Structure formats: C-alpha cells, structure tokens
Amino acid sequence: LLYFLTFQGEQIINNTYNTRQELFEKKVVRGSILSRDHQILAQTVVTPDQTEKRVYPFNNLFAQVVGYSTHGNIGIEQMKNFSLLHSNVYIGEWIDHTIHDEKNIGDHIVSTLDVALQQAAYDALGAYKGAVIAMDPATGEILAMVSKPDFDPNLINEQWDQLQLESEDSPLINRATQGLYPGGSTFKIITAYAYLKQHQNQFQDYSYTCNGILKDGENEIHCYHNTKHGQVNFIDSFAQSCNTSFANIGISLERSKFQTTCDELLFNQALPIDLPSNKSFVPIDQTSTNEDVIQAAIGQGKTLVTPMHIALITSAIANDGILMKPYLIQKIESYKGDEVESFSSKEYKELMTKEESAIMQELMYEVVRTGTGKKLNEASYTVGGKTGSAEYSNQTKDSHAWFTGFAADGNKNIVVTVVVEGAGSGSEYAVPIAKRVFDSYFN
C-alpha cells in the first residue's frame, strides 16, 4: 500500500478507468494547460450557473498533443490529469472554499510547446496527412508536435461517434508518436552509422559504381527514378541517397552487429517519452536473409519507425551523441502562479561517441550542401538533414515523404522531423515543410 501511494499514486489515478477522478472533479475545477510563454491551450470555464466547460482556444492546433479530458483522456490532459485535478492553493483559501462547499482551482501545467512554432508546422503540413515534430536537441524540450488528420477538441462530445468511425483517417491517433511507417532513406542514417561502427576509419575507402539497379539473386533494388549515380564514395552515397550503394553496404554488414547497433539506437523497445508511443521495428538478426538486410538497409521491407524515434536519433547526432530525455512539461504552478514543481533537462543516454556523431553530422551537412536537401542550402542558419521517400504499397509511385534534420544559429538549436503520407519525394514535399518550421524558429 505504501509503495502504491508513494510511487504509483499519480499513475493509477491518471488511469482513465479510475473512478476516483470523478471525486476529484467534484472538489476541484480542472486546471489549465499553458504554452511555454503562458498562452492558454486548455482551460475550464465556469458559467454563472456553475456549469463547467473545457475550452481549447486554439481549436485543432494542439489536438493530439494537448488532448481532451472527456471520453477518456489523451495527450497532456492524460499525462498530467493528477496535477490538473489537484489544487495547491493557500491553506486559508482551501479551508474557506471547503466550508462554503465551493471548488478549489486546480494546478496549471506549463508546457514546453511554442505556439508560433506549432502554428508554422501546422500550416506547413497543410491538408496532408502526417506529422511534424520540433525539439531542442540540447535540452530535450518538445517545441512542436503536429499530427493530421486532426479534430477540434471543443467539439469532442458532439463529434465523438463520428471520430470513432473514421478508422482510415484515425484523427484520434497521434501520428508523431504512434504512427508506424517505413522509414525509407531516413533509415540510411542507421545503416550508415552501423557501417561506420564496423569499419571505423576505413569508411573513407568505400567506393561503389551505381548503375541505377542492384541484383542479388532474385532481389532487385532500384535507385529513385532509376537514377544512375555512377562512381560514389560513402559520403556521396548518403548525400545522393543512393539505394543500390546502401543495399551493397547493408549486405557487407555483419548481421549480429547490425542488430546490436539497431538495439543501441532504441529499436524494438519502448521510447523514453511520456506520451503513448509505438516501438520501431527492424527485423534483423543472425538468421536474416540478404533480401531482409537489403530492404532494411534502405528503410523498406518490414522495417517500421515512428517519427518521434527518428527525431530522437537526429537529436542525439546534433547533440554530440548524447540523447536528452524528451519532455513536454516545464513546470506545475498553482492557479496564482506559484511554482509547485519544475522539470529540467536530463541526459537519457549516449547513443554514439562525440567523434561518431561528428561524422554523422558531416554526412547530413553534405545532404544539404550537394545532395537531396539542397533546397535548404541557402538558409541563413546552418542545417544538416536526410530526406526519404518510403514506398508503402506494391505501386512504386506510392511513397511517404520524409525529412529529418537539425539546424543551428548562434546558441539556438532545433531538430525537425517531418513525414507526409503518400506525398512522394521527401526533397519535394517534406523539405519545404521543414524549412518553414526552421524559418519560423530562427526568424
């Protein structure tokens, strides 16, 4: 009992099936959720007849990440349900309210979310399905998280039945953390790192002649649009996103070590994030066939990743190999602004050495300088990244557009990861979206 009360109390009360929440709601007006600069993202409005209504001033903008507080909770509404239904008011005020059978006001949650950046990401994604994540790689703060299709949480009661029926669009799913996609060429970040670990400085001697197609038994891999890249080294292969070269790299990897590298980069395991998320999956082990390895090396086949996972790997690369634990909450305050609890950045683990991350950074810089991310080359800030076009059906023209990258200008740093469902080329569709988010952050 002591263990559950001390260590598991908040988690148990946060469970949407716990009817104790109804008791708290009878005594406390649910607190507000705020942006990093204290703009209201969610609040409870009490009418003169004492009716309470949960209001979301930004409508659809923060739908999945802030969530809703009826029909079960999702997002921050669920994460911090315990705090929102607890009140740290001054004891005299608490006694006065209790005597007069009045409710106290719950604590406020100050998030890490940036309204301007969220708006830029939301507008940039437009009518497409997909997700955009922006975070600070030096702190782990999540600055923006957009998922589409979305919904208006102000209308959740009226539209609940319809939202439940929309299985194809799944607007209630947070694609940023729960969406599982073939990673396409963004997975070449992992393949390149695995090759780097297995070959150390010898990666500089790598050379391959790309004729636009690679055949290995019955397996046949094509470069995007059957492009013939010609003679390429390791850096060229990455910058030009050469499928045949990376299929060749994949075959050369020792499979057990490839599997270990994937595990070290958090594949096939839960991510260190408080929001509900899915595990990314790479089907590589000692028994893997050439076909399995070839497909995995270019982010296809059975390999599936979440945008959040790709963002975390990118953050570690940008932060000299150190992954900071991603977080969404800055602090908890009483409704009068007195601090109840604060949260700061914490190192989660070292995903790679500083020297290894420096090489990976250079690979990603080259993508922007000379490769598939050239549309970012004229930006006023320094940026590196990786594009991807991930096929998801038997029709090779059907592909998700990916981009993940980092940018810096002075002391400001940011990571942006984008996936656009069914759009096509990452360089054509995902890169412009990322650029609008970068521009909003630095301008």
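Quantities reported herein were computed from a predicted structural model and do not represent experimental measurements.

The rules behind the values
Residues numbered from 1 in each chain as written. Predicted model: local features only at pLDDT ≥ 70, side-chain atom pairs only at ≥ 80, totals over all residues. Heavy atoms only, no water. Buried < 20%, exposed > 50% of the residue type's maximum accessible area, 1.4 Å probe, protein only. Helix = DSSP H or I, 4+ residues; strand = E, 2+ residues; numbered from the N terminus. Pairing = 2+ DSSP bridges. Patch = residues over 30% accessible without salt bridge, like charges linked within 9 Å, V, L, I, M, F, W, Y side chains within 5 Å. Areas by Shrake-Rupley, 256 points an atom, 1.4 Å probe, with all protein chains shown as cover. Salt bridge = Lys/Arg side-chain N within 4 Å of Asp/Glu carboxyl O. 1 Å grid on protein atoms, 1.4 Å probe; cavity = no way out; pocket = protein on both sides within 12 Å on 5 of 7 lines; lining within 4 Å. Points joined across faces, edges and corners; volume = space filled by probe spheres on them. Nonpolar A, V, L, I, M, F, W, Y, C, P; charged D, E, K, R; others polar. Axes fitted to C-alpha atoms, helices over the stretch in contact; angles between N-to-C directions. Contact = heavy atoms within 4.5 Å.

Student: How should the pairing of strand β11 (residues 219-222) be read in this particular structure?
Tutor: If a strand is regular, its side chains alternate between the two faces of the sheet. Because side chains alternate across β11, one face comprises the buried residues Asn219 and Ile221, and the other comprises Glu220 and His222, none of which is buried. Direction of pairing for strand β10 (residues 213-216) relative to β11: antiparallel, over a ladder of 4 bridges. If you follow Asp216 over to β11, its bridge partner there is Asn219. Here β10 hands over to β11 after 2 residues, with Gly217 in that stretch at a positive phi of 65°.

Student: Any chance you could explain a nonpolar patch on the surface here in plain terms?
Tutor: On the surface, Tyr90, Ile91, Trp94, Ile95 and Ile99 cluster together to form a nonpolar patch covering roughly 590 Å² of accessible area. On the accessibility criterion, Trp94 (41% relative accessible area) is partly exposed.

Student: Hey, could you run me through the layout of surface pockets in this one?
Tutor: Over the atoms rolls a probe the size of a water molecule, and in doing so it shows where empty space is left. One number sums up the size of the largest pocket: a volume of about 1100 Å³. Lining the largest pocket are 42 residues, with His222, Cys223, Tyr224, Asn243 and Glu391 sitting closest to its centre. Of all elements in the fold, only β11, α14 (290-297), β17 (382-391) and α17 (426-442) reach the threshold of two or more residues within the lining of the largest pocket. For the lining of the largest pocket, the per-class residue count stands at 7 nonpolar, 28 polar and 7 charged.

Student: Would you take a moment to explain the sheet that holds β17 for this structure?
Tutor: Sheet strands pair via backbone hydrogen bonds, and the direction of the pair is either parallel or antiparallel. The antiparallel open sheet is built from 5 strands, whose spatial order is β8-β7-β19-β18-β17. The sheet terminates laterally at β8 (142-148) and β17, the two strands that pair on one side only. When the angles between neighbouring strand axes are averaged without regard to direction, this sheet yields 5°. Bridge count for β17 against strand β18 (residues 399-409) is 10 bridges, and the pairing is antiparallel. Paired with Gly384 across the strands is Phe406, a residue of β18. On the sheet, helix α7 (residues 115-125) packs against β7 (130-135), β8 and β19 (412-420) and is oriented at approximately 30° with respect to β8.

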